[in-house]
Every structure is written in C-alpha cells, then in structure tokens.
Amino acid sequence: MKKAITFLGAAILFLFSFGTVYGCGNNEDKTSDIKSSDIKPYIIFTDKATNATYKRDYSFAGGADVHIPYDGVAHCFEYKFYNSETDEPIGEAGWISKDYKGRTIREPNYYLIRVTLNYDDGKIRDFDLRFYIDELPKLQPEMKFDPNGAIDYIDGEYYKYKYTGDKCYPKAYAEYEGHKIEVDDTPDALIMGCHNLAISGISIAAPIDVGIYSVEFSIVHYKNDEDLEKYYSVKKTITVEVVE
C-alpha cells in the first residue's frame, strides 16, 4: 500500500510500501513547493521491541547492517524524518510491521526495511535498514551421572556395583552451567552400546553379570528441545564393573 503525504513549509511528501502501516499523518489536500534539492533529510528507525534506534542519512551508503540475536518476538519499527541541516523533525512518525517483501520480522532471516520518500518534483529516495535476526548458537551440555547405588566410582569415568542379578549402571543426564536438562528418554534408552571387555564382538543392553564393561551413553533429545534447536547432543563412554 502506498500513501502519499504532503507537508507545509519544510515538510516533504513521502510514501512507503509495506503490509501494515500505523500512525501516518494525512495532509493530502495540502501543497508544497519544496524541491528535492532544497533539503537532504535523514531518517531514524526505532525498533519498538527493543527501543534500539538506527539512523540512516541521505547518502546511498545506507549505513551498517544490523544484527540482533533471535528473541522470538516480532519487531515493529517507528520511523521519522529529520532535516539534516537543522535536525528538526519533518512530518509525523510512521510505522512498519513488515519488511519489503511483506514478511513479519520475527524469525531468523534477513529483512529489508524500506521507506520511500517522494519529493514534489517527482524525485524519490529510498531509505533502507538491512536487518538480520541471527540464529542463536546452540549450547553444548555436559553429560553427568547419578551413581545409582555404585559402591565405588570415579565421577564420569568408572562405576563399581555389587552383583544383584539386575542391570547395574549409573543414570546419565545432561547439564549446562549447573542446570540439569530434562530428557525424554528412559535411562535404558540412553545406553547406545555396552560391551563386556572380556568378550569381544558381543553387545548387550546393560551390565548385569560380574565383569567389566564399556558403556556408551548418548542423549540426542531433550524435553522442550526435541529437535535440538537449543542444545547439541552429547555422548560419553564410561567403565562399569560388576563384582561378587
């Protein structure tokens, strides 16, 4: 949608093309003799989600690209023109809630936010804000273990159990910066490989009989992060010994 706006005195006629527009002045019945050579304005965009401001001047350099981390909220921009010689505001503020392609400015991506200024002599000038919402880097948890009844252990390396006829192994879980991350799998499901070191080539579900075992644990899904968008998977191999 394009909406022409003409201002008296130092005002400029401008319009912009975006999906949703708020708070624009309406002086279409007025006339102006301001020509494109009479004033060189600059624009200030204000991100209403963060209150950050971005100035773009009359030069065609366009200003630096803006990068922000993904925060899950939609970003709506207020913009306002100013006279570059006096810093006086020109006209009323406008609003933009979608980018140049009509997309909501929310998900990680590149967005071109553009306001087109139309002078009364027919010349135009685009003011662009190149806005990137960056993917958050995923976090790498550590694998930790609950000894689960071990009679002796070296944390994260070795666990000894007395034979009971039941499966014997520590319970694995993930932790990041001291915070335990809940997993969807049962403890048994986290064991990806278990081998009695005295018997080559045979893999079993979990240590039971007397012996020494190499046990590989792996966490590939977390509660509230099933698709591993926030955390990386984690795995670790430990030694489990079952004694009489």
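Rules of the game
Residues numbered from 1 in each chain as written. Predicted model: local features only at pLDDT ≥ 70, side-chain atom pairs only at ≥ 80, totals over all residues. Heavy atoms only, no water. Helix = DSSP H or I, 4+ residues; strand = E, 2+ residues; numbered from the N terminus. Buried < 20%, exposed > 50% of the residue type's maximum accessible area, 1.4 Å probe, protein only. Areas by Shrake-Rupley, 256 points an atom, 1.4 Å probe, with all protein chains shown as cover. Pairing = 2+ DSSP bridges. Axes fitted to C-alpha atoms, helices over the stretch in contact; angles between N-to-C directions. Patch = residues over 30% accessible without salt bridge, like charges linked within 9 Å, V, L, I, M, F, W, Y side chains within 5 Å. Salt bridge = Lys/Arg side-chain N within 4 Å of Asp/Glu carboxyl O. Lys, Arg positive; Asp, Glu negative; His and termini not counted. Charge placed at Lys NZ, Arg CZ, Asp CG, Glu CD. Polar contact = N/O pair within 3.5 Å; in protein donor to acceptor, adjacent residues only side chain to side chain. Core = buried A, V, L, I, M, F, W, Y, C linked by side-chain atoms within 4.5 Å. Contact = heavy atoms within 4.5 Å. Phe/Tyr/Trp six-rings, centres within 6.5 Å; stacked < 30°, edge-to-face > 60°.

Caption draft 1: The overall build of the protein chain, seen in detail. Scanning the protein chain from N- to C-terminus turns up 0 helices and 15 strands. Across the 244 residues in the protein chain, those meeting the buried criterion constitute 38%. Just so you have it, the protein chain exposes about 13500 Å², and 49% of that area is on carbon and sulfur atoms.

Caption draft 2: Spotlight on the sheet that holds strand 6 (residues 109-118). Pairing in this open sheet of 3 strands is mixed, and the strands run 3-7-6 from one edge to the other. Every interior strand has two partners, whereas the edge strands, strand 3 (66-69) and strand 6, have only one. When the angles between neighbouring strand axes are averaged without regard to direction, this sheet yields 25°. Relative to strand 7 (residues 124-134), strand 3 runs parallel, the two being bridged by 4 bridges. In the sheet register, P69 faces strand 7, and the bridge partner there is D134.

Caption draft 3: Representation of a negative patch on the surface within the structure. Judged by side-chain charge, E107, E135, D184, E226, D227 and E229 come together as a negatively charged surface patch. Among the structural elements, E226 can be located in the loop between strand 14 (211-219) and strand 15 (234-243).

Caption draft 4: Representation of the sheet that holds strand 15 in the model. Pairing is mixed across the open sheet formed by 5 strands, whose spatial order is 9-10-15-14-13. The outermost strands of the open sheet, each flanked by one partner alone, are strand 9 (152-154) and strand 13 (191-196). Put simply, the sheet's adjacent strands are angled 20° from each other on average, direction ignored. Here 3 bridges tie strand 9 to strand 10 (residues 158-162), and the two strands are oriented antiparallel to one another. Residue I154 lies in a different strand from strand 10, and its bridge partner there is Y158.

Caption draft 5: Up close: the side chain of H75. Tracing the backbone through its elements, the reader meets H75 in the loop between strand 3 and strand 4 (77-83). A polar side-chain atom of H75 sits 2.7 Å from a polar atom in the side chain of D47.

Caption draft 6: Structural view of the environment of I39. Assignment of secondary structure puts I39 in the segment before strand 1 (41-47). Taking C-alpha positions, I39 is 7.6 Å from S84, a pair spaced 45 residues apart along the chain.

Caption draft 7: View of the nonpolar core. Grouped together as the largest cluster of nonpolar side chains are 25 residues, with contacts concentrated most on V215, F217, I219 and Y222. If you list the elements that add at least two residues to this core, you get strand 8 (142-146), strand 10, strand 11 (171-176), strand 13, strand 14 and strand 15. Those residues in contact with I219 that sit more than four places away from it in its chain are M143, Y173, A174, V183, L190, S233 and V234. In this structure, V66, I105, L117 and I133 belong to the second largest nonpolar core, which totals 21 residues.

Caption draft 8: Representation of the packing of aromatic side chains within the structure. Tallied over the full model, the rule gives 12 aromatic pairs. Ring plane angle 85° and centroid distance 5.1 Å describe the contact between F77 and F131, whose orientation is recorded as edge-to-face. One end of the pair, F77, is in strand 4; the other, F131, is in strand 7, and 54 residues separate them in sequence. F77 gets classed as buried once you look at its relative accessible area, which sits at 0%. For F131, a relative accessible area of 0% translates into the label buried. Seen in terms of ring centroids, F145 and F217 are 5.2 Å apart; in terms of plane orientation they differ by 70°. Their pairing is edge-to-face. Highlighted residues: F145 in strand 8 and F217 in strand 14, separated in sequence by 72 residues.

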